[in-house]
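# Structural characterization, general
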Amino acid sequence: MIENQGWAAGKILLPGFFYRKRGDYMSYRIALASSDGRHIDRHFGHSDGFVIVEVEPGGKFVEQERRQAQAPCQHGFHEEGAMQAAVRALRDCRYVVAEAIGPGAQKALEQQDILPLEIEGTTVADAVQKIYVYEKNKQRASVRA
Amino acid sequence: MPKTKKDKCKQTNSINQVRYGCALGALHSVTAIPGAMPITHCGPGCVDKQYMSLAFYNGYQGGGYAGGAVTPSSNLQEKDVVFGGAKHLDQLIAASLKIMEADLFVVLNGCIPEIVGDDIGAVVARYQKKGVPIVSAETGGFKGNNFTGHEIVTEAIIEQYVDKFAPDKTTKKKGLINVWAELPFQNTFWRGDLAELKRILEGAGWQVNILFGYGSAGVKEWLTIPNAEFNLVVGPWLGLKTAKLLEKKYNQPYLHLPILPIGAKQVGDFLRSIAAFAKENEVKTEAFIKREEKEYYYYLEYFTDFYAEYWWGLPASYAVASDATYNLALNKFLVNQLGLIPAKQIITDNTPEKYREAIREEYKHLADDVAAEVEFIEDGYLVTQTIKQGEYGHKPPIIFGTTWERDITKELNGHIVEVSYPVSYDVVINKTYIGYRGALTLLEKIFTTAISKSA
């Protein structure tokens, strides 16, 4: 069982769709697999820590916490329960970013309505900025004139 | 009901029953060049859709060495939209160069990376600097259809490959011509047609860069484009843009003959026009025409018994719904050599506006005493409605069209010959409907269709 040991420890995490339900102008969260809090340098399955960034409606990025997780991949052996737990631990997020995300994990994330994104050799700050632009463009594109 | 915008042909911005591919579909112009390989930077499914529609359910032409399932694609995902897909393309090119053997690589992008802003040219330029024979063609779907894409690809190859790699760009070789005619794969019979076109031109004394298909020497033939004496554009409009580019670039004049020739009369006019334009090969042209006509009319003489005597009725009027090239070519042949009556003529390839008036003029003098109106429509519903309004007299008409015209043909109790994309009820290998030989095949097709209907 994965526990939240950071900022949100002890609080009840609501499923991701709850955060999104109240319209596109709500803030949203991005989980980024990082060992040092700056670089995206972990595979999803091997990551034992995620930086959680909240994008506020005004476009301000706030690092919420460093959320520890139990890596579901144990030397190539994936336990289905551990995978589900890892995904559940991030269900308040709209995006999960990692250096690589296996097909099984991608599917599990998508089932929770979380968008998995793979990116190599970039920083947390850069990825968050790009996702912010993308999200903004997406909202603009879906607004009917 | 919201007010719907309509153009002159009462067409809205929705089109059903497609009659062409998107600009990326021009990857087939690359696969049509022996030795060339497309590399595509687009969403998953883009290449599959273009292949399945243009090259599969269109005469079952197939993919071959570089098409179909072979064509490398970056299969862009959402992450490529968020973070940009240039790096992904770079990896794809590097991998393709490792495992794909080709004399020329053409990178084509779909609409996704062009909208997102991937700098495809910059990625490709890095390989070009290393001397790799590779070019990039921006064929985002919003640029237009596969006719537009074909011109983009052709020009990209000329500008980025031919211009760089051609050993000699100044010498002009007497009698050598570049031929710009049908659109490979879109024109279902392009393989046989280009082969016949090359045969008749060579017969008349020309050395021919046919550029696409089996008759082409492939990528190395493209390198001799600058050496041609002139460019020959066959068809109402496609290829004109390329010819104008070459005129400016290599000081090559061009001859535009709007009528793709079908049958002895048109081929004779065609070959004589070329000889007259270049003031060359007149004797060879006449000798070839004489020889070919002897053979052509040998067969036709026997055919006339059927054409004059068949008791059970043959179609007298027709409609054509096809791309501009085949539409005009068929009209010329049917009116002048079979004496059929034109009822409805519909051009479906979204011909650029600037060429339309000249094409309308062509239909005003199909023969000395025969004129027809031509309409430019792409939407299947309107094509059907238009064909329905035709005056066909008391006999069932013959419809030259696409598979989409089967329903209206049934309703009219007529006959259908599929001549334009999509041709889904013909298996096509190297059949031609043009030139001397193709005309005979077309006659066989038309009348076999007509008399076997009730069998």
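Residues numbered from 1 in each chain as written. Chains lettered and ligands numbered in written order. Predicted model: local features only at pLDDT ≥ 70, side-chain atom pairs only at ≥ 80, totals over all residues. Heavy atoms only, no water.

## Description of the overall build of chain A
Put simply, the test is: Only DSSP runs of H or I covering at least 4 residues are called helices, and only runs of E covering at least 2 are called strands; the numbering of each starts at the N terminus. To sort residues, take the accessible area from a 1.4 Å probe on protein chains only and compare it with the maximum for the residue type: under 20% means buried, over 50% means exposed, and anything in between is partly exposed. The contact criterion used is simple: two residues touch if any of their non-hydrogen atoms lie within 4.5 Å. Reported accessibility uses the Shrake-Rupley method at a 1.4 Å probe radius. Residues are deemed covered only where the shown protein chains occlude them.
Helix and strand counts for chain A stand at four helices and nine strands. Starting at the N terminus, the α and β elements of chain A follow one another as α-β-β-β-β-β-β-α-β-α-β-β-α. Burial analysis of chain A (145 residues in total) assigns 45% to the buried set. Within chain A, counting contacts between residues at least 6 apart in sequence, those at least 24 apart form 57% of the total. For chain A, the accessible surface area stands at approximately 8100 Å², while carbon and sulfur atoms represent 51% of it.

## Overview of the layout of surface pockets
Applied cut-off: The distinction between a cavity and a pocket rests on a 1 Å grid over the protein atoms alone: a 1.4 Å probe fits inside a cavity but cannot get out, while a pocket stays open yet meets protein on both sides within 12 Å along at least five of seven lines, and a residue with an atom within 4 Å of a point counts as lining. Grid points are joined across faces, edges and corners, and a volume is the space filled by probe spheres set on the points. Any residue that is not Ala, Val, Leu, Ile, Met, Phe, Trp, Tyr, Cys, Pro, Asp, Glu, Lys or Arg is counted as polar, Gly included; the first ten are nonpolar and the last four charged.
The space that makes up the largest pocket amounts to roughly 360 Å³. In terms of lining, the largest pocket is formed by 16 residues, of which the most central are Glu118(A), Ile119(A), Glu120(A), Asp80(B) and Lys87(B). Elements with a contribution of two residues or more to the lining of the largest pocket: helix 4 (124-142) of chain A together with helix 3 (78-83) and helix 4 (86-99) of chain B. Taken together, the residues that form the lining of the largest pocket break down as three nonpolar, five polar and eight charged. One number sums up the size of the second largest pocket: a volume of about 270 Å³. Along its surface, the second largest pocket is lined by Lys130(A), Val133(A), Tyr134(A), Asn137(A), Lys138(A), Val81(B), Val82(B), Ile112(B), Ile115(B) and Val116(B). When contributions to the lining of the second largest pocket are tallied by element, the ones reaching two or more residues are helix 4 of chain A together with helix 3 and helix 5 (111-116) of chain B. Considering each element in turn, the lining of the second largest pocket owes the most residues, five residues, to helix 4 of chain A. Tallied by class, residues from the lining of the second largest pocket come to seven nonpolar, one polar and two charged.

## So, the UniProt feature "domain: Nitrogenase/oxidoreductase component" (unreviewed entry) in chain B
Heads up, the condition is: UniProt positions are given in the numbering used here, feature names are shortened, and annotations may be inferred rather than shown by experiment.
Residues annotated by UniProt as "domain: Nitrogenase/oxidoreductase component" (unreviewed entry) correspond here to residues 23-449 of chain B. Each end of residues 23-449 of chain B is marked by a C-alpha atom, and these two atoms are 34 Å apart; helix forms 47% of the span and strand 14%.

## A closer look at a nonpolar patch on the surface
To be explicit about the condition: Patches were defined on residues exceeding 30% relative accessible area and lacking a salt bridge, with like-charge contacts within 9 Å and nonpolar side-chain contacts (Val, Leu, Ile, Met, Phe, Trp, Tyr) within 5 Å. One speaks of a salt bridge when a side-chain nitrogen belonging to Lys or Arg is within 4 Å of a carboxyl oxygen belonging to Asp or Glu.
The grouping of Ile15(B), Val18(B) and Trp404(B) at the surface amounts to a nonpolar patch, some 230 Å² of accessible area in total. Within the secondary structure layout, Trp404(B) lies in the loop between strand 11 (398-401) and helix 16 (406-411).

## A few points about the interface of chain B and chain A
Applicable threshold: Buried area, as used here, totals the accessible surface that two parts lose on assembly, with accessibility defined by a 1.4 Å probe and the loss added over both. N or O atoms within 3.5 Å of each other form a polar contact, as long as, within protein, one can give a hydrogen and the other can take it, and as long as residues adjacent in sequence are counted only when both atoms are side-chain atoms.
In this complex, chain B contributes six residues to the contact, which on the side of chain A involves eleven residues. Interface area for chain B against chain A, summed over the two sides, is near 830 Å², with a carbon-plus-sulfur share of 66%. Its largest share of buried area at the contact with chain A, chain B owes to Glu78(B), Val82(B) and Phe83(B), together 69% of the area lost on that side. Inspection of the region where chain B meets chain A yields two salt bridges. In this structure, Lys79(B) engages Glu118(A) in a salt bridge whose closest nitrogen and oxygen atoms are separated by 2.8 Å. The tally of links from chain B across to chain A stands at two residue pairs in polar contact (both at pLDDT 80 or more). Per element, the largest residue contribution to the side of chain B that touches chain A is five residues, and it comes from helix 3 of chain B. Each residue belonging to the side of chain B that touches chain A can be placed in one class, and the counts come to three nonpolar, no polar and three charged.

## Some details on empty space enclosed by the protein
Residues and elements named next belong to chain B. Counted under the stated rule, the structure contains three cavities of 30 Å³ or more. Counting residues per element, the ones that place at least two in the lining of the largest cavity are helix 7 (146-165) and strand 4 (176-180). Split into classes, the residues belonging to the lining of the largest cavity amount to seven nonpolar, three polar and two charged.

## Quick notes on the sheet that holds strand 9 (residues 341-347) of chain B
All names here are of chain B. Put simply, the rule is: Two strands are counted as paired when DSSP detects at least two bridges linking them. All axes here are fitted lines through C-alpha atoms, helices being fitted over the stretch that makes contact, and every angle between N-to-C directions spans 0 to 180 degrees.
As summarised here, the arrangement of the five strands in space is 10-9-8-11-12, forming an open sheet in which the pairing is parallel. Each end of this open sheet is capped by a strand with a single partner; those strands are strand 10 (374-376) and strand 12 (415-418). The sheet shows a mean angle of 15° between the axes of neighbouring strands, direction not considered. Of the strand pairs in this sheet, strand 9 and strand 10 are connected by three bridges, and their pairing is parallel. If you follow Ile346 over to strand 10, its bridge partner there is Glu375. Along the sheet face, helix 14 (residues 353-364) touches strand 9 and strand 10 and points at about 155° away from the line of strand 10.

## Regarding helix 6 (residues 120-129) of chain B
Because the α-helix completes a turn every 3.6 residues, residues three or four places apart line up on one side. Residue and element names in this part refer to chain B. As a reminder, the rule being used: The arc in question is the one traced by the directions running from the helix axis out to the C-beta atoms.
Burial in helix 6 covers these residues: Ile120, Val123, Val124, Tyr127 and Gln128. Burial along helix 6 is one-sided: seen end-on, the buried residues are contained in an arc of 145°. Summarising the contacts, the buried residues of helix 6 are in contact with strand 1 (36-41), helix 4, strand 2 (104-109), helix 5, strand 3 (134-138) and helix 7. Downstream of helix 6 by a residue or two, Gly131 has a phi angle that is positive, lying close to 95°.

## Description of the pairing of strand 1 of chain B
Residue and element names in this part refer to chain B. Burial within strand 1 is extensive, with six of its six residues counted as buried. Residues Ala36, Pro38 and Thr40 of strand 1 are buried on one face, and the alternating residues Met37, Ile39 and His41, pointing to the opposite face, are buried as well. Across six bridges, the pairing between strand 1 and strand 2 is parallel. Looking across to strand 2, one finds that Ile39 is bridged to Val107.

## Here we look at the packing of helix 11 (residues 263-278) of chain B against helix 17 (residues 435-452) of chain B
All names here are of chain B. Under the convention used in this document: Any angle from 65 to 115 degrees is called roughly perpendicular, while one under 35 is roughly parallel, one over 145 is roughly antiparallel, and all others are oblique. Crossing handedness is defined as follows: a turn of the near helix away from the far one that is anticlockwise and smaller than a right angle gives a left-handed crossing, while the clockwise case is right-handed.
Close contact between helix 11 and helix 17 brings their axes to 8 Å; oriented N to C, the two are set at 160°. In terms of orientation, helix 11 and helix 17 fall into the roughly antiparallel class. The two elements helix 11 and helix 17 cross, and the hand of that crossing is right-handed. Residue-level inspection shows Gly263, Ala264, Val267 and Gly268 of helix 11 in contact with helix 17, the latter providing Gly435, Tyr436 and Ala439.

## Re unusual backbone geometry
Residues and elements named next belong to chain B. The omega torsion of the bond from Tyr421 to Pro422 falls at 0°, within 30 degrees of zero and hence cis. With respect to the helices and strands, Pro422 occurs in the loop between strand 12 and helix 17. The backbone of Leu211 sits at a positive phi, close to 75°, despite the residue not being glycine. Residue placement: Leu211 occurs in the loop between strand 5 (207-209) and helix 9 (219-222). Leu211 sits in the buried class, given a relative accessible area of 0%.

## Observations regarding the domain arrangement of chain B
All names here are of chain B. Using the following cut-off: Each domain's extent is set by a domain assignment, obtained either automatically or from a database.
When cut into domains, chain B gives domain 1 (23-165), domain 2 (176-284) and domain 3 (297-452). Distance between the C-alpha centres of domain 1 and domain 2: 26 Å. Facing the 29 residues of domain 1 at the interface are 27 residues of domain 2. Of the roughly 2600 Å² buried between domain 1 and domain 2, counting both surfaces, carbon and sulfur atoms make up 67%. Per-residue buried area on domain 1 facing domain 2 is highest for Gln61, Phe147 and Glu151; these three make up 23% of the total on that side.

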